[in-house]
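# Chain and residue survey
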Amino acid sequence: MKKIFILFAFFPLLGCAEMQLVMQQLPQTSVLSQTEIASGLKEALNNGIDKQVVKLTNVDGFYKNEMVKILLPEELKKVDKTLRDIGMSKLADEGLKVMNRAAEDAVKEATPIFVDAVKGMSFNDAKNILMGDDRSATTYLQNSTSTALYAKFNPVIKNSYAKVGADKVWTQIITKYNSIPLVKKVNPDLTDYTTNKAMEGVFKMIAVEEKDIRNNLASRTSDLLKRVFSLQDTK
């Protein structure tokens with residue numbers, strides 16, 4: 001089964017006994033030690049975080065990335081259109097931007113939670129990931145970290161709204177819209193919405209990196225990675 005070794009990148013911190021059980025199920029075609037294999041897989045995981053999750057924390061990490069850019073919820077699309085129709089496009093644009101800024105700020109809290117998820121991975125989890133599809137490691141992380149990520153992201157996004165001025169912008173937007181005669185007033189929970197969209201964006205980018213490192217030889221950017229992941233090419 002080609003490419004199953006890549007998923008070791010998500011459990012380099014397994015105990016020696018569990019690692020030995022995994023290795024016994026795989027072809028013994030390598031002279032690499034378990035320590036070297038674990039080091040290579042840890043490097044791959046760190047590369048994935050650096051290349052995909054960390055860049056979401058940069059300015060415009062969400063806002064200018066069409067894969068994860070946070071758009072308005074259905075409830076606010078009519079607000080956006082109405083504001084633009086009455087000549088307030090600049091305010092509408094700013095509302096969308098500060099929503100993404102808050103997400104960029106919150107994702108800085110993600111990495112420690114992923115590390116904890118790796119530490120907590122069982123042998124059965126590892127075996128299922130090994131035999132899984134192109135996003136099975138991402139799915140594992142999503143299932144095992146979503147509750148913790150939400151709990152961490154939500155207050156950060158709430159604070160970020162204040163820090164980046166999103167609370168004032170959206171208060172102005174909602175107040176302007178609700179003052180228009182005959183419109184149905186809105187009062188959306190933008191903190192909850194942005195929290196969920198930020199999490200969605202993180203997992204989407206992790207899935208991109210997981211698929212790339214499974215299928216793209218050029219993603220093996222060091223000698224250790226090349227030697228470790230050449231093992232999967234024999235499958």
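A quick note: this is a predicted structure, and the numbers were derived from the prediction, not measured. (Residues numbered from 1 in each chain as written. Predicted model: local features only at pLDDT ≥ 70, side-chain atom pairs only at ≥ 80, totals over all residues. Heavy atoms only, no water.)

## Thoughts on the overall build of the protein
Basically, it comes down to this: Put simply, DSSP H or I for four residues or longer makes a helix, DSSP E for two residues or longer makes a strand, and each gets a number counted from the N terminus. Categorising residues by exposure relies on relative accessible area from a 1.4 Å probe, with only protein chains included: less than 20% of the type maximum marks a residue as buried, more than 50% marks it as exposed, and the intermediate range marks it as partly exposed. For this analysis, residues touch if any pair of their heavy atoms sits within 4.5 Å. In this description, accessible areas are obtained by the Shrake-Rupley approach with a 1.4 Å probe, and a residue is regarded as covered only by the protein chains that are shown.
Across its full length, the protein carries 10 helices and 0 strands. When its helices and strands are written in sequence order, the protein yields α-α-α-α-α-α-α-α-α-α. Taken over 235 residues, the protein has a buried fraction of 49%. In the protein, once contacts between residues fewer than 6 apart in sequence are set aside, the share between residues at least 24 apart is 82%. If you sum the accessible surface of the protein, you get close to 11800 Å²; carbon and sulfur atoms cover 53% of it.

## What about helix α8 (residues 166–178)?
The periodicity of an α-helix, 3.6 residues per turn, causes residues three or four positions apart to be oriented the same way. Stated formally: In a helix, the anticipated span is given by 1.5 Å times the number of residues less one. Here, the arc refers to the directions that run from the helix axis to the C-beta atoms.
With 13 residues, α8 ought to run about 18 Å at 1.5 Å a step, and its terminal C-alpha atoms sit 18 Å apart, in line with that. Within the sequence span of α8, burial applies to A166, V169, W170, I173, I174, Y177 and N178. Angularly, the buried residues of α8 cover 150° about the axis, an arc narrow enough to put them on a single face. Structurally, α8 contributes buried residues whose contacts are with α3 (74–85), α4 (89–106), α7 (136–163) and α9 (190–215).

## Overview of the confidence of the model for the protein
As a reminder, the rule being used: Note: pLDDT gives the predictor's confidence per residue, expressed from 0 to 100.
Looking at the protein, the pLDDT average stands at 77 and 72% of residues meet or exceed 70. No element of the protein has a lower mean pLDDT than helix α1 (residues 16–24), at 50, and none a higher one than α4, at 90. Counting interchain partners and residues more than four positions distant, the pLDDT-below-50 stretch residues 1–16 has 56 contacts. Predicted confidence for residues 26–30 stays below pLDDT 50, and this span has 8 contacts to residues more than four positions away or in other chains.

## Some points on the packing of α4 against α7
Threshold: In this analysis an axis means a line fitted to C-alpha atoms, helices contributing only their contacting stretch, and an angle means the value between N-to-C directions, from 0 to 180 degrees. Angles are sorted into four bins: roughly parallel if under 35 degrees, roughly antiparallel if over 145, roughly perpendicular if 65 to 115, and oblique for all others. Crossing handedness follows the turn of the near helix against the far one: under a right angle anticlockwise gives a left-handed crossing, and clockwise gives a right-handed one. By the convention adopted, Pro, Cys, Tyr, Trp, Phe, Met, Ile, Leu, Val and Ala count as nonpolar, Lys, Arg, Asp and Glu as charged, and the other residues, Gly among them, as polar.
Direction vectors running N to C along α4 and α7 enclose 130°, while the axes themselves pass 8 Å from each other. Taken together, α4 and α7 sit at an angle that is classed as oblique. Of the two possible hands of crossing, α4 and α7 adopt the one that is right-handed. For the pair α4 and α7, contact is made by M99, A102, D105 and A106 and by F153, V156, I157, S160, Y161 and K163, respectively. Grouping the amino acids of the contact of α4 with α7 by side-chain chemistry returns 7 nonpolar, 1 polar and 2 charged.

## Quick word on the pattern of salt bridges
Put simply, the rule reads: One side-chain nitrogen of Lys or Arg within 4 Å of one carboxyl oxygen of Asp or Glu is enough to make a salt bridge.
Across all of its chains, the model carries 11 salt bridges by this definition. Put simply, R84 and D93 hold a salt bridge, and the shortest N to O gap is 2.6 Å. Overall, the relative accessible area of 36% leaves D93 in the partly exposed class. Counted as one network, the salt bridges with shared partners bring together D60, K64, R101 and E104.

## A short note on the packing of aromatic side chains
Stated precisely, the cut-off is as follows: Working definition: a ring pair exists when centres of Phe, Tyr or Trp rings (six-membered ring for Trp) sit within 6.5 Å. Plane angles under 30 degrees give stacked, over 60 give edge-to-face, the rest tilted. For a lysine, the NZ atom is tested; for an arginine, the CZ atom; a charge sits over a ring if that atom is within 6 Å of the ring centre and within 35 degrees of the ring normal.
Counting across every chain of the model gives 1 aromatic pair. Judged by centre distance (6.2 Å) and plane angle (65°), the rings of F114 and F203 are edge-to-face. In this pair, F114 sits in helix α5 (residues 110–119) while F203 sits in helix α9, placing the two residues 89 residues apart along the sequence. A cation over a ring is seen here: K69 above Y63, with NZ or CZ 4.7 Å from the ring centre.

## Notes on unusual backbone geometry
Phi is positive for D60, which is not a glycine, with a value near 75°. Secondary-structure assignment places D60 in the loop between α2 (34–53) and α3. Residue L182 is not a glycine yet carries a positive backbone phi of 75°. Its place among the elements puts L182 in the loop between α8 and α9.

## A short note on the environment of T145
Quick reminder of the rule: Here a polar contact is recorded for every N or O atom pair within 3.5 Å, except that within protein the pair must consist of a potential hydrogen donor and a potential acceptor, and residues adjacent in sequence are included only if both atoms are side-chain atoms.
In this structure, T145 sits in helix α7. The class for T145 is buried, based on a relative accessible area of 1%. A C-alpha to C-alpha distance of 7.0 Å links T145 and F114, two positions 31 residues apart in sequence. Separated by 2.5 Å, the side chain of T145 and the backbone oxygen of L141 make a polar contact.

## Here we look at the nonpolar core
For clarity, the threshold we go by: We define the nonpolar core as a collection of buried residues of types Ala, Val, Leu, Ile, Met, Phe, Trp, Tyr and Cys that are connected through side-chain atoms lying within 4.5 Å of one another.
Among the nonpolar cores identified, the biggest contains 47 residues, and F114, F153 and W170 are the most heavily contacted of them. Those elements giving two or more residues to this core turn out to be α2, α3, α4, α5, α7, α8 and α9. Examining the composition of this core, we find that 8 residues originate from one element, α9, more than from any other. Excluding residues within four positions of it along the chain, W170 makes contact with L72, L76, G95, L96, V98, M99, Y161 and L190.

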